[in-house]
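# Inside the fold
Chain residues, written in single-letter form:
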Amino acid sequence: MLERLVAFNTESRRSNLDIIAFIADWLAGHGVACARFPNAAGDKAALFATIGPAQDGGVLLSGHTDVVPVAGQAWSSDPWRLRVEHGRAYGRGAVDMKGFLAIALALVPEMRAAPLKRPLHLLFSYDEEITCLGVTDAIARMGVDLPRPAAAIVGEPTDMEVVSAHKSVVSLTTRVTGREGHSSRPAAGASAIHAAARLIGWLDDRQRLLAAEGDPSGLFDPPCSTLQAGMITGGTARNIIARECRFLWEFRGLPGHSHETVMQELAAFAERDVLPPMRRAAPEARVETTCDVAVPHLAPRPGSEAEQLALRLAGRNRTGAVSFATEAGHFQNAGIATVVCGPGSIAQAHQADEFITLAALDEGAAFIRRLVAALSA
């Protein structure tokens, strides 16, 4: 099954409709109906299915079909053709996260044959690698015209550790507008690049304050919320005062830390310290920050149904936290108890020769078989 899934090029910039059609046909061949949730453009879709009683409750297994690009990476073999060597299965998405999807799909016949007393739900999403919004349409329908799960397990690679918390990831864009002019007369213009540099410097200073505040929960590494600017563009030529500048930055927040607070503080700094000198020559000068994507954090919920179940199935006695984001926060925000737990290591994701070990696939399959047994008891 993993070989079949890897063969679909589902880079996030591409359509995932072919893999969704394959999954739908596979489920239909085993007597499982599904609902599809297309995006606005109609070139991608999520898929939801229920095995067992068609009712609320039970457990949802969720995973994304999209993968990160392979361009510029030095692969040893075709990334879209699974290669199995020395106990490892290599291919784009093998660990992040088609390995989990392959296990779930391969075990559908066993799920169908089991005397499930509570339902087992499956959700296959899109765009996790760029927005994490591919699950939201299906979530909005849960409890309306779809069954509402009591618990959700997002199968991102955690080496089958049970993750009950992760940071938010928020992507932002700040645009600075000044006034262009000849570089020999700087007072006659207002440099958007120089202003952007001051704003980025403020982000750097704010990061040091966040590091000093630390992580009171003691869960995360690094032990604080983080800020970083990743790209900057602006200006026309070396000898022209830059009228426009744009920089892209991100906020990775501990549960309870809001990006909106940082946006407000940055805006206040701009109004107080950056814009007044610019507006002496350029009254039209402005600083505008927009939130492009906001992936919510997953907050720890000790003792939740999802946590207790996953710990028991995985044979663990404690939960952990990660600094990367997943779709889990969307389920939690909808009131569904959620954890992250899946086969393989995130250390192998997003790089050339991505792989999952065959032992990890076996471990993930054993976990889902125990889940099926638990829902049948």
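Keep in mind that what you see is a predicted model, and the values were worked out from it rather than measured. (Residues numbered from 1 in each chain as written. Predicted model: local features only at pLDDT ≥ 70, side-chain atom pairs only at ≥ 80, totals over all residues. Heavy atoms only, no water.)

### Some thoughts on the overall build of the chain
Formally: Secondary structure is summarised from DSSP: a helix means a run of H or I of at least four residues, a strand means a run of E of at least two, and numbering begins at the N terminus for each. For every residue, the accessible area obtained with a 1.4 Å probe (protein chains only) is divided by the maximum for its type, and the residue is called buried under 20%, exposed over 50%, and partly exposed between those limits. In these tables, accessible area is a Shrake-Rupley quantity obtained with a 1.4 Å probe, and a residue counts as shielded only by the protein chains included in the view. All tallies of charge rest on Lys and Arg as positive and Asp and Glu as negative; His and the ends of each chain are not included. For the purpose of locating charges, the reference atoms are NZ of Lys, CZ of Arg, CG of Asp and CD of Glu.
The secondary structure content of the chain amounts to 10 helices and 17 strands. Overall size of the chain, expressed as C-alpha extent along the three principal axes, is 80 × 45 × 40 Å. When the 377 residues of the chain are sorted by exposure, 53% land in the buried category. About 16300 Å² of surface is accessible on the chain, with carbon and sulfur atoms providing 51% of the total. Taking the 36 positively charged and 41 negatively charged side chains of the chain as two groups, their mean positions are separated by 2 Å.

### Details of the packing of helix α8 (residues 305–314) against helix α10 (residues 358–376)
Rule in force here: Angular values range over 0 to 180 degrees, each being the angle between N-to-C directions of two axes fitted as lines to C-alpha atoms, with helices fitted over their stretch in contact. When an angle is under 35 degrees it counts as roughly parallel; over 145 it counts as roughly antiparallel; between 65 and 115 it counts as roughly perpendicular; any other value is oblique. By the definition used in this description, the sense in which the near helix is turned from the far one sets the handedness, with an anticlockwise turn below a right angle giving left-handed and a clockwise turn giving right-handed. The contact criterion used is simple: two residues touch if any of their non-hydrogen atoms lie within 4.5 Å. Any residue that is not Ala, Val, Leu, Ile, Met, Phe, Trp, Tyr, Cys, Pro, Asp, Glu, Lys or Arg is counted as polar, Gly included; the first ten are nonpolar and the last four charged.
Two elements in contact, α8 and α10, have axes whose closest approach is 9 Å; the angle formed by their N-to-C orientations is 125°. Between α8 and α10, the interaxial angle falls into the category oblique. The two elements α8 and α10 meet at a crossing, and its hand is right-handed. Each of Leu 309, Ala 310, Leu 313 and Ala 314 in α8 lies in contact with α10, whose residues at this interface are Phe 367, Arg 370, Leu 371 and Ala 374. A breakdown of the residues in the contact of α8 with α10 according to their chemical character gives seven nonpolar, no polar and one charged.

### What to know about the UniProt feature "domain: Peptidase M20 dimerisation" (unreviewed entry) in the chain
Defined as follows: UniProt positions are given in the numbering used here, feature names are shortened, and annotations may be inferred rather than shown by experiment.
In the numbering used here, UniProt assigns the feature "domain: Peptidase M20 dimerisation" (unreviewed entry) to residues 165–272. The distance from the first to the last C-alpha atom of residues 165–272 is 37 Å, and the span holds 33% helix and 32% strand.

### A look at the sheet that holds strand β11 (residues 226–234)
Defined as follows: Any two strands between which DSSP finds at least two bridges are classified as paired.
Pairing is antiparallel in the open sheet, where four strands are placed in the order β11-β13-β9-β14. Whereas interior strands pair on both sides, the edge strands pair on one side only; in this sheet they are β11 and β14 (286–295). Each neighbouring strand pair of the sheet contributes to a mean axis angle of 20°, computed without reference to strand direction. Pairing between strand β9 (residues 168–177) and strand β13 (residues 244–253): 10 bridges, direction antiparallel. Note on β13: the bridge partner recorded for Thr 177 is Glu 244. Here helix α6 (residues 192–213) sits on the sheet and contacts β9, β11, β13 and β14; the angle it forms with β11, its principal contact strand, is near 170°.

### Here we look at the pattern of salt bridges
Formally: Should a side-chain nitrogen of Lys or Arg be within 4 Å of a carboxyl oxygen of Asp or Glu, the pair is scored as a salt bridge.
Evaluated as defined, the whole model comprises 20 salt bridges. When the shortest N-O distance is used, the salt bridge between Asp 353 and Arg 83 registers 3.8 Å. Taken together, the residues span a long stretch of sequence, with Asp 353 in the loop between β16 (337–340) and β17 (355–357) and Arg 83 in strand β4 (residues 83–85) at a distance of 270 residues. Sharing partners across several salt bridges, the network here consists of Arg 83, Glu 85 and Asp 353.

### A look at the nonpolar core
Rule in force here: Within this scheme, the nonpolar core is defined by two criteria: the residues are buried Ala, Val, Leu, Ile, Met, Phe, Trp, Tyr or Cys, and they are joined through side-chain atoms within 4.5 Å.
Membership of the largest hydrophobic core comes to 58 residues, with the highest contact counts inside it found for Leu 27 and Ile 368. Leu 27 has contacts with Val 32, Cys 34, Leu 47, Ala 49, Leu 105, Val 108 and Leu 122, leaving out every residue within four places of it along the chain. Judged by nonpolar contacts, the second largest core, of 27 residues, contains Val 170, Ala 270, Val 274 and Ala 282.

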